[in-house]
Each structure stands twice: as C-alpha cells, then as structure tokens.
Amino acid sequence: MSIEEIIKQFEPVQHNLLNILHALQDRHPQNCLTEQALDETARYLKLTKSSVYGVAKYYTMFSLEPRGRYIIRLCVSPVCELLKANQIMAVLEKNLGIRAGETTSDGLFTLELSECLGQCQEAPSMMVNNEVYNGLGEEEVQRVLVRMRRRKKK
Amino acid sequence: MGEKRILLKNVGVIDPGCIDDAIRAGGYEGLKKALKMEPAMVIGELTEAGLRGRGGAGFSTGMKQKFTSESCLKCPQRYVVVNADEGEPGTFKDRVIMEQDPHLYLEGTIIAAYAIQATKGFIYIRGEYHESIRKTEKAIKDARKKGFLGKNIMGSGFDFDVGIKLGAGSYLCGEELTMLESLEGKRGHPRIKPPFPAEKGVFGMPTLVNNVETLANLPRIIAHGKDWYRKLGTERSPGTKIFTISGQVAKPGYYELPMGVTLQELIDLAGGMRDGKAFKAALLGGAAGTFVDATMLSERMTYDNLREKGATLGSGAVIVMAEGDAVLDILHNCLRFFKHESCGKCVPCRVGTTQLVKKADQLRNGQPGKAALLKQMVREAEIMASTSLCPLGQSPVLPLESFARYFKEVK
Ligand SMILES: Cc1cc2nc3c(=O)[nH]c(=O)nc-3n(C[C@H](O)[C@H](O)[C@H](O)COP(=O)(O)O)c2cc1C
Ligand code: SF4
Ligand code: FES
C-alpha cells in the first residue's frame, strides 16, 4: 500500500492523527515514520508540518529513525524488575550484540525498553512487534530470536 | 473470602469474538432495560448503587454523569470517552475485560451515553494493547450489525456510535484531560483543571470520561438493580473490584473480589507467597501508589479505609515483595518511571523527577546519612506536589513518603 492509500482510509480530521501515524509506521518495513509520510499526513489533515512532527516526536511508540524489522520492547517497570528483567536484558544484549536503543547491523532487530506492558501476571515480559512474550527465561528468549531469524529467510 | 465474579463471570465461558455468545450469556439485557428508563432514572440508579470510579480516584460514577448531563445545555454535542489507556505499572484488569468480554464494557459505554444523552463516543486504548484493540474493533462492528450501536438503537429513538483512538506509549495520557488532548490529535500535554471534562472536554464539549472497569459495572447494576449491587462490598465502597496481584505470590493474576477484602486474603487467594517466602512489602496502586508492610495485611482494602491509613487502592494493582527483595530498588524504579513519563512542561516536575532519581541512586550506593537524605527527598517531593501543573508531578510523593514511613532502615 502506498502512503496515500494508507492515509485515505481515514477521514481527514485532526483527531485521526495518531491512528494514521500508527498505520503508516506499522506498514513501513523499517517501523518508522518517513519525512514523506509526515508531509503527506500534514497536507491531508491541513496541519502544519511542525505540528505533525511535534506529535510524532512526542510519543515513544513512534520513531522518525529507521529501525529493525522486529522491535523488541523489554519491560523494565517494577514487577519485571522484581522478577529479574535485568537478566533478560543481558541475554538480549549478548545475543544481539547491541545495547538498548540500537539496531543490529543486519537491520533485523531493534532493542528498546518499555514501561509496564500490562502483562505483570507473568513477568518478565517483552513484546516483539505486536506479539507478547511472558514469563521469560534465557531459553525462551533464545528460542524467540531463532524463530524471528528463521522467519526472515522465508 | 472467595472470588465473586460479577464482571468477569463470562471469562473462559464465552467466545469473546462472538456477539451471539455474549447475548446468550445475558449481554445487552442491561442496555435493553436502560433504554426503557428515563435517562435521569438511569443516573439515579447508578448514584444510589454507590458505584465509584475504578480508574483510581474513586469518584461517584452517578454524580459524574449528573454533572456532565447538566452542564452547558446549549452545547450541540456531548461525548463519552472510555479510558482504556491502562498504564499504571502492575495493572492489567482493563485488558482482561477487553480481551475476554469486550461486549460488557461496550454495553456499559452505550448505557452511559444514553444516561447523559451523548450521541458520540471514543475509546482511547493504549497502542501496545493489540489484542484489546482487535477484540474491541470486532465487538463494535458486531454491535452495529445487531443494532446496539448506530441510529435508533433497539427502536428507542436514541442514536450513539463510538470509535477507537490509539495511544502511543505515554502514561501521562491516561490522565483524563491529557487524554483528551491526545485524542484530538495533539501532543500529550496536560490541560489546566478546572474546567473539568464534564464542562469542557473533547472539542470543548461536555464529556464523560470513565475507566473500562467502571463501565463494565453498568450493565450489571441496571440489569439486577441497585439493591442487589449494594449487597456486595461495603457501605461506602459497594460492588466488587478486580485486583491484579503480581510479584512474589504463587499464582499472580486477576481476582475479582467484593470490596473490603484484606491484603492477606488476596495473597492467600493468589496461592500464598511464592516458594513459601516471607512477606516483606506490597506496593498498592502501582507507581503512583503506596508501599505497605506486614502491619497492613489485615486492613480492608476499600478507598476510604486505605486512605485513612495513609495508603491507596488506586487501580487495584498489588505488587508483592518478599524477604530478600530490595524494596529500595522498587522505589527507585517508581521514581525512574516518573522521570521517564514526565512531559517536561513545568519546571518543578521536570527538575524534581530527575533530582529524585539521582538521590535514589545515592541511597542505593549506600553512602552515609541515608536517613537524612530520604527525609530530604520526601520534602522535595512534597514541594513538587504542591507546585506541579498536573497530577503526575503530585504522584512521586506517594511511594516515597510511604516507603520512608515503613522502610526507614533502607535496605
Ligand atoms: C498520571 C495519571 C495516569 C492515569 N492513568 C489512568 C489510566 O490508565 N486509566 C484510567 O482509567 N484512569 C487513569 N487515570 C485517572 C483518570 O485521570 C480519571 O480519573 C479516570 O479515567 C476517571 O474514570 P473513573 O471515574 O471511571 O475512574 C490516570 C490519572 C493520572 C493522574
Ligand atoms: S507535572 Fe510533570 S507531567 Fe505534569 S505538566 Fe508538569 S512536567 Fe508535565
Ligand atoms: S511491570 Fe512489566 S509487564 Fe507490568
């Protein structure tokens, strides 16, 4: 789908801005909002470019920088910390060879930190794009990464 | 005390994606009944049932509807906004409702709209809750097909429709006025209160903002009546509450219980302590909540009783810590959370949250003079609370002050 096709699914009113930005970002292979996407959104909603940029920059789920195909969001809020999210962090950093906020050189993974994902019944938790993974241990994390890497080859 | 599921009675029983299942289980019976009542009667029933907002503040739901329905009578439009932003750490009750029985809170939303005669509404769901978003989208589509949404709902002459708005990773947007900004397509900067949403809400129109769990109560109260409802819970906190208990218990999860259950009873229901460890502390109500120690285990968890004892019920989150856990690390985490979520618009909060994290670092590093440092932090958080623009800046004092009260020795 082109940027225009995505945007036109929504009514041209300002209160659709966040929904539009989500749709644009989700459909971009690098999970980000490009300059062109933001410009077209501004034109469509008759908003200034700077107000659209301001919104895109304000919210932590949006990124103006290209990211990996898979965004890993590890929860670092209190329950996950209590149940050793830091160990999961170490496993992820070691396996991926990057730190939080970075993207692997093959463009596959971006590692991010998140506040409570609302999955505390089985902490520690993380999301990979739209999927939730709970009750994480080292093995589970390794398995998920292997599966994601395989998916890419297909 | 055992679980008492009135809101969650369909969980695991019906297919949440199937409206016919929901209808067979009594879904939309409350709405049917409400549409035959005068709107003011619906408000009266809810007020007398004593339902209080489950988003954290515990304000009377009926009273809020009354204010919203009576304000700005010449305004051309009124709105209902559902707060499904659920960002308070340790809280996941709204997610359970949205994923397992979305028609329940959708029905409650339509009843609320009828009560205040709103013809439009929005459900603001946090962007990370994909499953909740998907289930709610489906529920809305199916409800429209059945005539529970749209024009002339069930032949009553009442029109109402609702759309989904997505959040994008900001805890502050769970605060009702900030949510309205975000919903309008702007940055999540708080608005100054007053005016309250009831007077000037979304697009400047009178707006009723309610939490998902609050709205899930409406179909039950209308269908079974206020007297039935008041038999549950306590005099001043009637009904049930969905508690989400996490951390060092054997069976963390969600438990729906009559208001007034004690912390000990809740822990027992959650299988007791994990691996038989000893209880050390609990954080009640999430990051914007309060720490308690073992002396509070037998206190009844109602809005008023906990407030009297210097604690909070908040969203119903209960994070349990055991012997061997560093409570200080959890306090540090809460302060870090506020620093991360501060929007930076006003100086006391922007600078204050940063300073508090720095000082919590020093506490953890075990420098001498910890007691004095902790005292100073509480004082600073108090000043911050009285000078900040919005309730986020007023929150760090809650975990800090309660921590200082119970865990002075700082381990
Ligand atoms: C920083 C902050 C975050 C909040 N987050 C939420 C939230 O995620 N969900 C919610 O229902 N209420 C939240 N609230 C409370 C709302 O402002 C508001 O009181 C609530 O939506 C009212 O609904 P109720 O009367 O049904 O409880 C938050 C408040 C503050 C100050
Ligand atoms: S108190 Fe904090 S979150 Fe609220 S407006 Fe000020 S800086 Fe923003
Ligand atoms: S604290 Fe990590 S999911 Fe809630």
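What you see is a predicted model; the values in this text were computed from it and never measured. (Residues numbered from 1 in each chain as written. Chains lettered and ligands numbered in written order. Predicted model: local features only at pLDDT ≥ 70, side-chain atom pairs only at ≥ 80, totals over all residues. Heavy atoms only, no water.)

Draft legend 1. Spotlight on the site of ligand 1. Residues and elements named next belong to chain B. Near ligand 1, the surroundings consist of 17 residues, among which Gly-55, Lys-64, Asn-210, Asn-211 and Thr-214 are the closest. The contact in question runs from an oxygen atom of ligand 1 to an N or O atom on the side chain of Lys-64, over 2.8 Å. Separating an oxygen atom of ligand 1 from a backbone N or O atom of Glu-86 is a distance of 3.1 Å. Within the complex, 88% of the 610 Å² of free accessible area of ligand 1 lies under protein. Of all the elements, strand 4 (residues 207-211) adds the most residues to the shell around ligand 1, at three residues. Its residues placed into classes, the shell around ligand 1 shows three nonpolar, eight polar and six charged. (Near = heavy atom within 4 Å. Polar contact = N/O pair within 3.5 Å; in protein donor to acceptor, adjacent residues only side chain to side chain. Areas by Shrake-Rupley, 256 points an atom, 1.4 Å probe, with all protein chains shown as cover. Helix = DSSP H or I, 4+ residues; strand = E, 2+ residues; numbered from the N terminus. Nonpolar A, V, L, I, M, F, W, Y, C, P; charged D, E, K, R; others polar.)

Draft legend 2. Main features of the nonpolar core. Leu106(B) and Leu263(B) are the most contacted members of the largest nonpolar core, which has 171 residues in total. At 10 residues, helix 6 (residues 102-116) of chain B tops the list of elements feeding residues into this core. Aside from chain neighbours lying at most four places away, what touches Leu106(B) is Tyr28(B), Ile123(B), Ala139(B), Ile140(B), Ala143(B), Leu149(B) and Val162(B). By size, the runner-up hydrophobic cluster in this structure holds 20 residues, among which are Ile72(A), Leu111(A), Met126(A) and Val128(A). (Core = buried A, V, L, I, M, F, W, Y, C linked by side-chain atoms within 4.5 Å. Buried < 20%, exposed > 50% of the residue type's maximum accessible area, 1.4 Å probe, protein only. Contact = heavy atoms within 4.5 Å.)

Draft legend 3. Focus on the sheet that holds strand 1 (residues 70-75) of chain A. Residues and elements named next belong to chain A. The four strands lie next to each other as 2-1-3-4, forming an open sheet whose pairing is mixed. The open sheet terminates on both sides in strands that have one partner only, identified here as strand 2 (109-114) and strand 4 (131-133). The average undirected angle you get between the axes of adjacent strands in this sheet is 20 degrees. Across three bridges, strand 1 lies against strand 3 (residues 126-128) in antiparallel orientation. Paired with Ile-72 across the bridge in strand 3 is Val-128. Packed onto the sheet, helix 6 (residues 85-96) meets strand 1, strand 2 and strand 3 and runs at close to 155 degrees relative to strand 1. (Pairing = 2+ DSSP bridges. Axes fitted to C-alpha atoms, helices over the stretch in contact; angles between N-to-C directions.)

Draft legend 4. Molecular detail of the pairing of strand 3 (residues 161-166) of chain B. Where strand 2 (residues 120-125) of chain B lies against strand 3 of chain B, six bridges are found, and the strand directions are parallel. Bridge pairing links Ile125(B) to Leu166(B) in strand 3 of chain B.

Draft legend 5. The arrangement of helix 5 (residues 93-100) of chain B in detail. Counting buried positions along helix 5 of chain B yields seven of eight residues, so the element is predominantly enclosed. Those residues of helix 5 of chain B lying buried are Lys93(B), Asp94(B), Arg95(B), Val96(B), Ile97(B), Met98(B) and Glu99(B).

Draft legend 6. Structural detail: the interface of chain A and chain B. Each side of the interface is counted separately: chain A has 31 residues, and chain B has 51 residues. For the pairing of chain A and chain B, the buried interface totals around 3300 Å² over both sides, and the portion due to carbon and sulfur atoms is 58%. Three residues stand out in chain A for area buried against chain B, namely His15(A), Tyr58(A) and Leu82(A), and they jointly supply 20% of the buried area on that side. Taken together, chain A and chain B are joined by one salt bridge. (Buried area = accessible area lost by both parts, 1.4 Å probe. Salt bridge = Lys/Arg side-chain N within 4 Å of Asp/Glu carboxyl O.)

Draft legend 7. Spotlight on the sheet that holds strand 6 (residues 253-258) of chain B. All names here are of chain B. What the five strands build is an open sheet, ordered 6-5-9-7-8; its pairing is mixed. The open sheet is flanked by strand 6 and strand 8 (290-292), the only strands paired with a single partner. The mean inter-strand angle of the sheet, taken between neighbouring strand axes irrespective of direction, is 25 degrees. Across six bridges, the pairing between strand 5 (residues 240-247) and strand 6 is antiparallel. Bridge assignment links Ile-242 to a residue of strand 6, and that residue is Glu-256. On top of the sheet, helix 13 (residues 327-341) reaches strand 7 (279-284), strand 8 and strand 9 (317-322); it is set at about 15 degrees to strand 7, its chief contact.

Draft legend 8. Focus on the pattern of salt bridges. Residues and elements named next belong to chain B. Under the defined criterion, the tally for this structure stands at 38 salt bridges over all chains. A salt bridge links Glu-131 to Arg-134; the nearest nitrogen and oxygen atoms lie 3.0 Å apart. Separated by three residues within a single helix, Glu-131 and Arg-134 lie in helix 7 (residues 130-145), roughly one turn from each other. Owing to a relative accessible area of 29%, Glu-131 belongs among the partly exposed residues under this scheme. Note that Glu-299 and Lys-309 form a salt bridge whose closest N and O atoms lie 3.5 Å from each other. Of this pair, Glu-299 sits in the loop between strand 8 and helix 12 (303-308) while Lys-309 sits in the loop between helix 12 and strand 9, and the two are 10 residues apart along the sequence. Via salt bridges that share partners, Lys-93, Asp-94, Glu-213 and Lys-241 belong to a single interconnected network.

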